[in-house]
Amino acid sequence: MTSFLEINGLNLSVHSDGRVLPILSDVSLTLERSEAVAIVGETGSGKTLTARAVMGVLPKNAVIRSGTITFNGVNVLTKEGAAAAREHIAMIFQNPMSSINPLFRVEDQMNDVLNWSLHGRKETKEEKTSRIRSALEGAQCYGDGKILRMFPFQLSGGMRQRVMIAMALLRKPSLLIADEPTTALDVTTQKEILSLLTKLTKEEKMSLILITHNLGIARESSMKTYVMYAGRVVEAGPTAQIFRKPLHPYTKGLIDSIPSLDKSRSMEGIDGEIAQQDRAAVGCCFASRCSYAIDKCLTRQPELKELAPGQKVACYVAEQGGLRVV
Amino acid sequence: MRFAEFVARRVLLALVTLVGLSLLIFYLSRILPANPGRLALGPYATQAQVAAYDRELGLSRPLYEQYFYWLWNFLHGQWGLSIVTKDNVLHDVEIHFPATFELITISIILTSLIGIPLGVIAASRRGKILSGVVRALWMVGVAIPSFTVGLGLQVISSYWFHFNAIIGQISVPPPTHVTGMLWVDSILTGNWPAFVSTSQHLLLPEIALSLAGIGQIAQLTYSGMLDETEEDYYLALKTFGARSFALDFKYALRSALIPVLTVLGLLYASLIANAFLVEEVFSWGGLSTYAVTAMQSDDFNAIVATVIVIGVFYVVLNLLVDLSLGYIDPRIRLGVGH
Amino acid sequence: MSDSSVVRWQNFAQSFRRLTYDRMALAGLVMLAAIVALALLAPYITPYPNEAGAYANFGQAFLSPSLSHLFGTDDVGRDVFTRVIFGFRISLFIAVVVLIPSVILGVTLGLVAGYYGGWVEALVERVTDVFLALPALIFALVIAGILGPSLQDVIIALLSLWWNWYARIMFTLTKSLKNQPYVEAARVQGAGAFRIMFREILPNAASTLSAKMMLDAGFIILIEAGMGFLGIGVRPPTPDLGVMVANGSAYIATKWWIPVFPSIALTLLILAFNLIGNGIRDLFDVKVI
């Protein structure tokens, strides 16, 4: 029995200045229908490239070295498979300021997106207009319809992100990938967009992959959480369980760094940042920043093991029974 | 309406520049030379003639009065006489400008029509070889002086292709005067022999004048299109099922064209400078030939007149480019920053 | 500027080394180094250094290229190879003498105007507008035409125009760079205006400026050659590449080597500067028109 979306042992490298840099190492992820999964990690952890691999829109210098991705049983790493998958997956990007072409009216772009999804099927102008209208209404930004005649640069960031969501809705996707959908927005707008996404995925029975560096957002909107670090999944499991009892030192550090009032701050509890050499490290990728690290951590990369029901962790210290400060 | 405001502001700035330019020209013509009268009348004028001329210019009066007097004369068509043609230099300019205008206008049209599609096709996946061609054309086109291209074309076409239209504008009786632009006039009057002859004579100068620009525009379009494919919106539309054709020609091209249009405007204006070199090579009877003769023979009023015409042309053209950019990019039109 | 990261003088110098990774830029650097070496050593390596300038030996005129005269001889019997090498000297000399004062003056003015803003800003903008309201070649031709053609007047003509470009570009860069966080930080720490301008802002503008300088060196050489070609620049018998092409163009049909070799030399020199300029532009990802 295969899952709705399955990523298995994905290894991905990027060519840059004649060098080959490993970016994703052995990334696996499963997602069921109507499930909401969060991928959490800081900048450079590889979460966006994972999503782009699923959509088949990797940058030109990225190469998949091994691993499989299947969506609905179809291999998306072939050109045809990717095109087929894109019919049912829609992606929302981090910065709505750049993810919509500013030079074309909302109406014009929505109309094109709709036409591309029809594949030559004929629809009357009235049908199209009403579908565009209902998509915008679904994204709660139709208002009095004036938005249709506006240029994206005339809209606020929140409104642009709603237009982006409306474009995604036009395609009636069964999986929505939201890549940091609220990072570029102010705090009140963040909440609105997030609850809109949650509401829509429930109503339309869409699966959701939510990519975020913000654990608060992951906790509110997902059932399962994958924590990524330096291109590896270091911990995965039911969201509530991970928050209650994080097993990986990195996850623990992230959770500890959330201020109690649940403001959207993050990562500041851990010193340093992801170093390039961590990706190719002999030992654990997190060892250089880990305050629990033992000798073994510096010699071999730990494997992902199920240490609690449904909760997988890649950490020797956790395997040995928990996090104690050395 | 914000666009009206935008236009008004740009027009005002252009007017300020023109006033500044008139001050600069006034400085060059009246203050920089030790003896403007002698400079304007040439070495063969008598001392009494020079003195009379100086009185006419009001050289003894305060500077600002001189400036306004000069400006008043200038605005009333009193641009002074040429020591070479003995005619009002304004009239000389009217005779010579059309030939240059025709040359550079055809050149900028050719540059756009060849350069932009070349860049777009090179940027589309198929054009691996073509992108190398564009890059080479750009690199060499910018580095090789246009007079070298012109001389080379003359030799190659006359020796290997026995093509004789390598000098002048026309080798049959010219068409009836309508605009002063021979090629245009031969079309307007339906003069077939003149049309054929002017077309032949235009061929080589246009290549010499346009080569660098075609390379530049093709490269700019090419790299602009490639940049657009890296944009988030390009990726987003791709995930929404956009076909490459629609993405490239509708969405990417419009954004990529904005810098291209800016450069086309600058190029059009700077062609008038390159035309100086090309006209010299091809003995083209345009403004440049007139100006170079004037400079070589210290024909002062004629120099000032050509500078004014070119300056006004340049400023007006830049204004038009600004305005058309405002038209294409709604952000500029609606007064929103990027 | 594509990113907002801080650049210090030493980082800038270090990243410059990466230029040699770019094959085209490396080709440009090699070409330029060779040309500069030839130009500097011209009196010692050219076969007939006394034939560079005023010299005539009609018995030797119009000799086609041979081992004793690599590029042949011209209409008055001078060795074209010798003159081309000396021509590099003139071209490079003019590029340097025009560029360096223009950069110093223009950059300083642009920095001050961009940093302080207000009426200084408006003044610099309007004044440069006027100077740039004519194509460069035309402007230089007019000034040289009024002053009278000579090497010195060509330099004055180009100088009086060129500082405007640097004032303009530095002014725009300063306006965008002065609001960067690191400038703010330096200000909070009590750095004076002078320090902020030259230690914080200028290093971050250096990539754009150096790309512009390289491309401009080629452009100045092109314009100077154009002036020489039109006869309103450097005068014969000075071995100026533009003048040599103009004089040789009369013989292009029969004695092709007289105009062709100076033309090739000119193109290679300009190409070398452009290759380096484009390399710097790509290296730092800066926009220069």
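Counting restarts for each chain, with residues numbered from 1 along the sequence as it is written. All chains are assigned letters beginning with A, and all ligands numbers beginning with 1, in the order in which they are written. It should be noted that, the model being predicted, local features are given only for residues of pLDDT at least 70 and side-chain atom pairs only at 80 or more, the latter also being counted only at that level, while totals for whole chains, interfaces and linings use all residues.

**Student:** I'd like a rundown of the overall build of chain C, residues and numbers included.
**Tutor:** For the purposes of this entry, the term helix denotes a DSSP run of H or I that reaches at least four residues, the term strand denotes a run of E that reaches at least two, and both are numbered from the N terminus. The secondary structure content of chain C amounts to eleven helices and zero strands. If you list the helices and strands of chain C from N to C, you get α-α-α-α-α-α-α-α-α-α-α. Overall, the C-alpha framework of chain C stretches about 75 × 45 × 30 Å when taken along its three principal axes. Exposure criterion: with C-beta atoms placed from backbone coordinates, a residue whose C-beta has 20 or more other C-beta atoms within 10 Å is buried, one with 12 or fewer is exposed, and one in between is partly exposed. Counting all 289 residues of chain C, 50% fall into the buried class. Of the contacts formed within chain C by residues at least 6 apart in sequence, a portion of 70% connects residues at least 24 apart. Two residues qualify as a contact pair if the distance between their C-beta atoms, derived from the backbone, is within 7 Å.

**Student:** Talk me through the overall build of chain A; I want residue IDs and the actual numbers.
**Tutor:** Helices and strands together make up the secondary structure of chain A, namely eleven helices and twelve strands. For 326 residues, the compact-globule formula gives about 20 Å, and the C-alpha radius of gyration of chain A, at 21 Å, lands near that figure. Expressed along its principal axes, the backbone C-alpha trace of chain A runs to roughly 70 × 45 × 40 Å. The 326 residues of chain A split such that 44% are buried. Long-range contacts, defined here as pairs at least 24 residues apart, represent 64% of the contacts in chain A between residues at least 6 apart. The size measure is the radius of gyration over C-alpha atoms, and the globule rule it meets is 2.2 Å times the number of residues to the 0.38 power.

**Student:** Break down the nonpolar core for me, citing the residues and quoting the values.
**Tutor:** We define the nonpolar core as any set of buried residues of the types Ala, Val, Leu, Ile, Met, Phe, Trp, Tyr and Cys, connected via C-beta atoms lying within 7 Å of each other. With 272 residues, the main nonpolar core has Ala166(A), Ala140(C) and Ile220(C) as its most contacted residues. Tallying contributions element by element places helix H9 (residues 193-230) of chain C first for this core, with 21 residues. Where each domain starts and ends comes from a domain assignment, either automatic or drawn from a database. Each of domain 1 (3-75) and domain 2 (89-336) of chain B contributes no fewer than three residues to this core. Sequence-distant contacts of Ala166(A), defined by excluding residues within four places in its chain, comprise Met110(A), Ala135(A), Leu136(A), Gly138(A), Ala139(A) and Cys141(A).

**Student:** Residue-level account of the arrangement of the chains, with values.
**Tutor:** For this structure, the chain pair with the highest number of contacts among two pairs of chains in contact is chains B and C. For the non-touching pair chain A and chain C, the nearest C-alpha separation works out to 9 Å.

**Student:** Tell me about the environment of Phe198(C), and name the residues and values.
**Tutor:** Counting through the fold element by element, Phe198(C) comes out in helix H9. Residues Phe198(C) and Ile35(C), spaced 163 residues apart in sequence, show a C-alpha to C-alpha distance of 33 Å.

**Student:** A description of the interface of chain B and chain A should follow, citing residues and the corresponding values.
**Tutor:** Across the contact, 18 residues belong to chain B and 21 residues belong to chain A. At the level of elements, helix H10 (232-239), helix H11 (244-282) and helix H14 (330-333) of chain B are the ones that each hand at least two residues to the side of chain B that touches chain A. With six residues, H10(B) is the largest single contributor of residues to the side of chain B that touches chain A.

**Student:** Lay out the interface of chain C and chain B in plain terms, naming residues and giving numbers.
**Tutor:** Interfaces are frequently sized by the accessible area removed from exposure as the parts join. Listed as interface residues are 33 residues of chain C and, on the opposing side, 35 residues of chain B. Elements with a contribution of two residues or more to the side of chain C that touches chain B: helix H5 (118-131), helix H6 (136-147), H9 and helix H11 (257-284) of chain C. Across the side of chain C that touches chain B, the residue classes tally to 23 nonpolar, eight polar and two charged. Amino acids outside the nonpolar list (Ala, Val, Leu, Ile, Met, Phe, Trp, Tyr, Cys, Pro) and the charged list (Asp, Glu, Lys, Arg) are all regarded as polar, and Gly is one of them.

**Student:** Can you break down the pairing of strand E6 (residues 89-92) of chain A residue by residue, with the values?
**Tutor:** All names here are of chain A. Side-chain alternation along E6 places Ile89 and Met91 on one buried face and Ala90 and Ile92 on a second face that is also buried. Being paired, for any two strands, means DSSP has found at least two bridges between them. For E6 and strand E7 (residues 175-179), the ladder comprises four bridges, and the chain directions are parallel. Across the sheet, Met91 pairs through a bridge with Ile177, a residue of E7.

**Student:** Hey, could you go over the sheet that holds strand E5 (residues 74-75) of chain A for me, with residue numbers and the actual values?
**Tutor:** In a beta sheet, neighbouring strands are held together by backbone hydrogen bonds and run either parallel or antiparallel to one another. All names here are of chain A. Strand order in the open sheet formed by four strands is E2-E1-E4-E5, with antiparallel pairing between adjacent strands. Of all strands in the sheet, those bounded by a partner on one side alone are strand E2 (19-31) and E5. Note that strand E4 (residues 62-71) and E5 share two bridges and pair antiparallel. Looking across to E5, one finds that Phe71 is bridged to Val74.

**Student:** An account of the pairing of strand E1 (residues 5-16) of chain A is needed here, citing residue identities and associated values.
**Tutor:** All names here are of chain A. As defined by bridge partners, E1 adjoins E4 across eight bridges and the pair is classed as antiparallel. Bridge pairing in E4 links Leu12 to Ile64. When E1 meets E2, the two strands line up antiparallel, connected through nine bridges. Its bridge partner lying in E2, Leu12 is registered against Leu24.

**Student:** Lay out the packing of helix H4 (residues 125-138) of chain A against helix H5 (residues 157-170) of chain A with the relevant residues and their values.
**Tutor:** Residue and element names in this part refer to chain A. Axes here refer to lines fitted to C-alpha atoms; in helices the fit is confined to the stretch in contact. Angles between the N-to-C directions go from 0 to 180 degrees. Packing of H4 against H5 brings their axes to within 8 Å, and their N-to-C directions diverge by 130°. The pairing of H4 with H5 is recorded here as oblique in orientation. When you trace H4 past H5, the crossing you get is right-handed. Mapping the contact onto sequence places Arg131, Ala135, Leu136 and Gly138 in H4 and Ala166, Leu169 and Leu170 in H5. Its residues assigned to classes, the contact of H4 with H5 shows five nonpolar, one polar and one charged. Our angle categories are set so that under 35 degrees counts as roughly parallel, over 145 as roughly antiparallel, 65 to 115 as roughly perpendicular, and the remainder as oblique. Note on convention: near helix rotated counterclockwise from far helix by under a right angle means a left-handed crossing. Clockwise means right-handed.

**Student:** Describe the confidence of the model for chain A, naming the residues involved and giving the relevant values.
**Tutor:** For every residue, the predictor states its confidence as a pLDDT score lying anywhere from 0 to 100. Taken residue by residue, chain A gives an average pLDDT of 84. The fraction at 70 or more is 91%. Per-residue pLDDT stays below 50 along residues 261-268 of chain A; that stretch engages in 15 contacts with residues further than four places along the chain or on separate chains.

**Student:** Can you lay out the environment of Ala308(A) for me, pointing to particular residues and giving the numbers?
**Tutor:** All names here are of chain A. By the secondary structure assignment, Ala308 is in strand E11 (residues 305-308). A residue is classified by how many C-beta atoms lie within 10 Å of it, and Ala308, with 14 of them, is partly exposed. Along the backbone, Ala308 and Val227 are 81 residues apart, and their C-alpha atoms lie at a distance of 16 Å. When near neighbours in sequence (up to four residues on either side) are disregarded, Ala308 contacts Gln241 and Leu247.

**Student:** I'd like to hear about unusual backbone geometry, residue by residue, with values.
**Tutor:** For the bond from Pro236(C) to Pro237(C), the omega torsion is 10°, close enough to zero to count as cis. Mapping Pro237(C) onto the fold places it in the loop between H9 and helix H10 (241-248). For Ser34(A), which is not a glycine, the phi torsion comes out positive at approximately 65°. Positionally, Ser34(A) belongs in the loop between E2 and strand E3 (36-40). Positive phi, normally seen in glycine, also occurs at Lys86(B), with a value near 60°. Judged by the 8 C-beta atoms lying within 10 Å of it, Lys86(B) is exposed.

**Student:** Run through the sheet that holds E6(A), naming residues and quoting values.
**Tutor:** All names here are of chain A. The strand order across the open sheet built from eight strands is E6-E7-E8-E3-E9-E10-E12-E11, with neighbouring strands paired in mixed fashion. Where the open sheet ends on each side, the last strands, each with one partner, are E6 and E11. On average, each strand axis in the sheet is inclined to that of its neighbour by 20°, with strand direction left out of account.

**Student:** An account of the confidence of the model for chain C is requested, with residue identities and associated values reported.
**Tutor:** All names here are of chain C. Overall, the predicted model of chain C reaches an average pLDDT of 85, with 97% of residues at or above 70. Across chain C, element-level confidence peaks in helix H4 (residues 80-116) with a mean pLDDT of 93 and bottoms out in helix H1 (residues 9-16) with 75. In the predicted assembly, ipTM is 0.83 and pTM is 0.78.

**Student:** Please give an account of the packing of helix H7 (residues 151-177) of chain C against H9(C) that cites residues and values.
**Tutor:** Residues and elements named next belong to chain C. Where H7 meets H9, the closest approach of the two axes is 11 Å, and the angle between their N-to-C directions is 155°. Here H7 is positioned roughly antiparallel relative to H9, judged by the angle of their axes. Note that H7 runs across H9; the crossing there is right-handed. On the side of H7, the interface is formed by Val154, Leu158, Ile169, Met170, Leu173, Thr174 and Leu177, while H9 contributes Ile201, Asn204, Ala205, Thr208, Lys212, Ile220, Glu224 and Met227. Per-class residue counts for the contact of H7 with H9 are ten nonpolar, three polar and two charged.

**Student:** Mind laying out H4(A), listing which residues take part and the relevant values?
**Tutor:** Residues and elements named next belong to chain A. The span expected for a helix works out to 1.5 Å for each residue beyond the first. End to end, H4 covers 20 Å across 14 residues, agreeing with the expected 20 Å (1.5 Å per residue, within 8%). By the burial criterion, the buried members of H4 are Ile132, Ala135, Leu136 and Gly138. Buried residues along H4 cover an arc of 160° about the axis, so they all sit on one side. Turned more than 90 degrees away from the buried face of H4, the exposed residues are Glu126, Glu127 and Ser130. As for H4, its buried residues are in contact with helix H3 (106-118), H5 and helix H6 (187-203). Within this analysis, the arc is defined by the directions that extend from the helix axis to the C-beta atoms.

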